[in-house]
Amino acid sequence: MAKLVADYVLQRLTKWGVHRIYGYPGDGINAFLGAFDRADGDPEFVQVRHEEMAAFMACGHAKFTGEAGVCIATSGPGAIHLLNGLYDAKLDHQPVVAIVGQQARTSLGGNYQQEVDLETLFKDVAHEYVHMATQPAQMRHLVDRAMRIALDQRTVTCIIVPNDLAGEKAVETPPHEHGTVHSGIGYSRPRVVPFEADLERAAAVLNESRKVAMLVGQGAKGAADEVLETAETLGAGVAKALLGKDVLPDDLPFVTGSIGLLGTKASWDLMMGCDAFLMVGSSFPYSEFLPEEGQARGVQIDVDGRMVGIRYPMDVNLVGDAKETLRALLPKLERKEDRSWREEIEKGVSEWWELIEHRAQLPADPLNPQRVFSELSKRLPDGAILTADSGSAANWYARNLKFRRGMMGSLSGTLATMGPGVPYAIAAKFAHPQRPVFALVGDGAFQMNGMNELLTVAKYWERWGDPRFVVLVLHNDDLNQVTWEQRAMEGDPKYEASQVLPDFPYARYAELLGFLGIRVDDPDEVGPAWDEALSADRPVVFEALTDPEVPPLPPHITLKEAKAFMSSVPGEPDRGAVVKQSFRQKLEELLPGR
Ligand SMILES: Cc1ncc(C[n+]2csc(CCOP(=O)(O)OP(=O)(O)O)c2C)c(N)n1
Ligand SMILES: [Mg+2]
């Protein structure tokens, strides 16, 4: 049989290093399904439960491998389903290529069934590159450009392929004539380093300051040694944005951990007390957690010139790769002999960890979610990969887990969408089948899509070399993160109609799938239950009955927030419990250890 356009597209993708494509079938991509069959596993079609999950998995693949992730969906409804997952990738700067089917060229413009204007639909999410193929001879450059632009711009690109075109005979090499395009394979990331003069200006700012605060984000991945040496030379503390949690281990005495609403008091104090602010590979948005304008001089390093100078009025913006730029900067930095700022930071960090552990031990009804995370943290195996969903889990992921070198973690940092926890974990497991993977999700997110996606795990897990795939479900019968936002930001009580979730036996559901289900409602059982989960010979759902009245307090609660929060309490259904828990937490923060 002659090679079809669909066969050619898949083969071209494998030449780009794509060997796995997450997707869901439909008649808009029928020719591709035949081509996958003929491709005999390279690339492999991974069948998910919903196209949004395919896009989350493509994003997760990119996050955990550094390669481009690829997903495929049919025309109309399938394409539309992809969108939220693609936005997640776009906003977190991940290279993802979406291949979507379209109705036959002969029908387009005819108000045909499942005919959606896909170029317009994808024009925002894939604005760097979205094109519909109309000729077989276009296919080569459409694939090449979609891949290269996704990798170079760290963004989402999209190719739309009408189903009649996908089934036509492939044209592998366009004719050598006017009006044709002759593209090739391959992309290597360039070495991007600022000019000497700019490095000198940056070094001067940092050398002239006494108290340097660093903030690193996912852009500093791969630059751990350089970040550490910079912090060491400057006597600086280092805070981490959420997506940068795995950039540096948490067991270093001057790493203050997460920043922001989900952050630590040590990071807050670092930012509020510094006189110089060095931001590397981050676009952390909340200005109230950064130094006040005028308080600190600023230097920012980011490889994307569009991202510099937008979070703090920096004195020097360096457009460059984090690792290479820090390497070039380091010889120009003078070691700060006065280490008192560094000692102050380290004291704050050790007090914070004591406080976190103390908070985790506070009683709750029945489980304190912090205890669940802190017991996991102590047991995390080497090389663990962790994902968290949007919800209160993100707080405890950010604060209570002590990452060590070699671990990886991610969540939806910028779109902050619910839903990626389980699909990211699945993509992590496909990419790294030997590594233990943990998805940390709320019951709301699990009900939204995590439960369905466990069917995908059931389909594939036996081929993963290491069976450790653990989903922690925080069973609190509540959309808890939003419940607390309503209280703290609006001063409103919990609105039961929108917030209370239907109860469900998550561990029993796991058993239905042939997994191990563990249900824990006794604080003393949390540790042993993690031991059991970690030694299981199959995927695990760890159902933790957690108390929705344990507040995910911001690290530094303002008087205004405290007042709004307190005034919300009188209308509460469970106000006695809320008051008790939040006062206890607040008191512990002020008087740690007493
Ligand atoms: C797709 C989407 N819908 C709504 C939200 C708003 N939201 C953020 S967290 C959250 C609650 C999550 O509840 P759950 O998963 O049960 O976690 P919990 O906070 O209870 O631990 C909601 C509704 C969102 N971020 N994304
Ligand atoms: Mg919940």
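For the structure, see preceding data.
I will try to describe carefully the structure that is included in this document. Just so you know, these numbers come straight off a predicted model, no measurement behind them.

Turning our attention to the packing of aromatic side chains. Here the structure, examined in full by the defined rule, presents 16 aromatic pairs. Ring centres 6.4 Å apart and planes at 85 degrees place the aromatic pair Phe56 and Tyr424 in the edge-to-face group. A residue pair is termed long-range when its members are at least 10 positions apart, and Phe56 in helix α3 (residues 51–65) and Tyr424 in helix α15 (residues 421–431) qualify at 368 residues. Tyr424 carries the same exposure label as Phe56, and that label is buried. When the centroid spacing of 5.2 Å and the interplanar angle of 70 degrees are considered together, the rings of Phe430 and Tyr460 count as edge-to-face. Highlighted residues: Phe430 in helix α15 and Tyr460 in helix α16 (residues 443–460), separated in sequence by 30 residues. Each member of the pair, Phe430 as well as Tyr460, carries the same accessibility label: buried. Taken together, the ring pairs connect Tyr22, Phe430, Tyr460, Trp464 and Phe469 into an aromatic cluster. Lying over the aromatic face of Phe403, Lys245 brings its terminal NZ or CZ to 4.9 Å of the ring centre.

Overall, parallel pairing links the six strands, which are arranged β9-β8-β7-β10-β11-β12 in an open sheet. Edge positions in the sheet fall to β9 (255–258) and β12 (316–319), since each of these pairs with one other strand and no more. Neighbour-to-neighbour, the strand axes of this sheet turn through a mean angle of 15 degrees, independent of strand direction. Taken strand by strand, helix α8 (residues 196–208) contacts β7 (212–216), β10 (276–280), β11 (297–302) and β12, and its axis lies near 135 degrees from that of β12. Lying on the sheet, helix α10 (residues 265–273) is in contact with β7, β8 (237–240), β9 and β10; it crosses β7 at an angle near 125 degrees.

Of the residues making up α10, those classed as buried are Ala266, Ser267, Trp268, Leu270 and Met271. Looking at the buried side of α10, the elements it contacts are β7, β8, β9, β10 and α12 (340–361). Backbone nitrogen of Ala266 and a side-chain oxygen of the N-cap are separated by 3.4 Å at the start of α10; the cap is Thr264.

The next point concerns the coordination of the magnesium ion (ligand 2). The magnesium ion (ligand 2) binds to the protein through Asp443 (OD), Asn476 (OD1) and Asp478 (O); the donor distances cover 2.0 to 2.2 Å. Motif for the magnesium ion (ligand 2), donor spacing along one chain: D-x32-N-x1-D. Of this pair, Asp443 sits in helix α16 while Asp478 sits in the loop between β16 (469–475) and α17 (480–490), placing them 35 residues apart in sequence. Judged by its relative accessible area of 1%, Asp443 is buried.

Here we come to unusual backbone geometry. Pro43 follows Asp42 through a cis peptide bond whose omega is 5 degrees. The omega angle of the peptide bond from Asp365 to Pro366 is -10 degrees, so this bond is cis rather than trans. A positive phi angle, near 60 degrees, is found at His93, a position not held by glycine. Note on placement: His93 falls in the loop between α4 (77–91) and β4 (96–102). Here His93 falls in the partly exposed class, since its relative accessible area comes to 30%. Look at Asp477: it is not a glycine, yet its phi comes out positive at around 50 degrees. Residue position: Asp477 is located in the loop between β16 and α17.

Scoring rules and cut-offs
The residue numbers shown here count from 1 along each chain, following its written sequence. Written order determines the labels here, with chains lettered from A and ligands numbered from 1. Only residues with pLDDT of at least 70 are given local features in this predicted model, and only at 80 or more are side-chain atom pairs given and counted; all residues enter the totals for whole chains, interfaces and linings. Neither water nor hydrogens contribute to the side-chain values; these are computed over all heavy atoms in the structure. Only the six-membered ring of Trp is used, alongside the rings of Phe and Tyr, when aromatic pairs are assigned; centres must lie within 6.5 Å, and planes under 30 degrees apart are stacked while those over 60 apart are edge-to-face, with the rest tilted. Under the DSSP-based scheme used, a helix requires at least four consecutive residues in state H or I and a strand at least two consecutive residues in state E, with every element numbered from the N terminus. Each residue is placed in one exposure class: buried if its accessible area under a 1.4 Å probe, protein chains only, is under 20% of its type's maximum, exposed if it is over 50%, and partly exposed if it falls in between. When the NZ atom of lysine or the CZ atom of arginine is within 6 Å of a ring's centre and also within 35 degrees of its normal, the charge is said to sit over that ring. Pairing between two strands is assigned when DSSP locates at least 2 bridges connecting them. Between the N-to-C directions of two axes lies an angle of 0 to 180 degrees, each axis being a line fitted to C-alpha atoms and, for a helix, fitted only over the stretch in contact. In this description, contact between two residues means that some pair of their heavy atoms is separated by no more than 4.5 Å. Nitrogen and oxygen atoms within 3.5 Å of one another constitute a polar contact, given that in protein one can donate a hydrogen and the other can accept it, and given that sequence-neighbouring residues count only through two side-chain atoms. Distances decide who is a donor: an N, O or S atom must be within 2.8 Å of the metal, or within 3.2 Å for Na, K and Ca. Water is not included, so sites may look incomplete.

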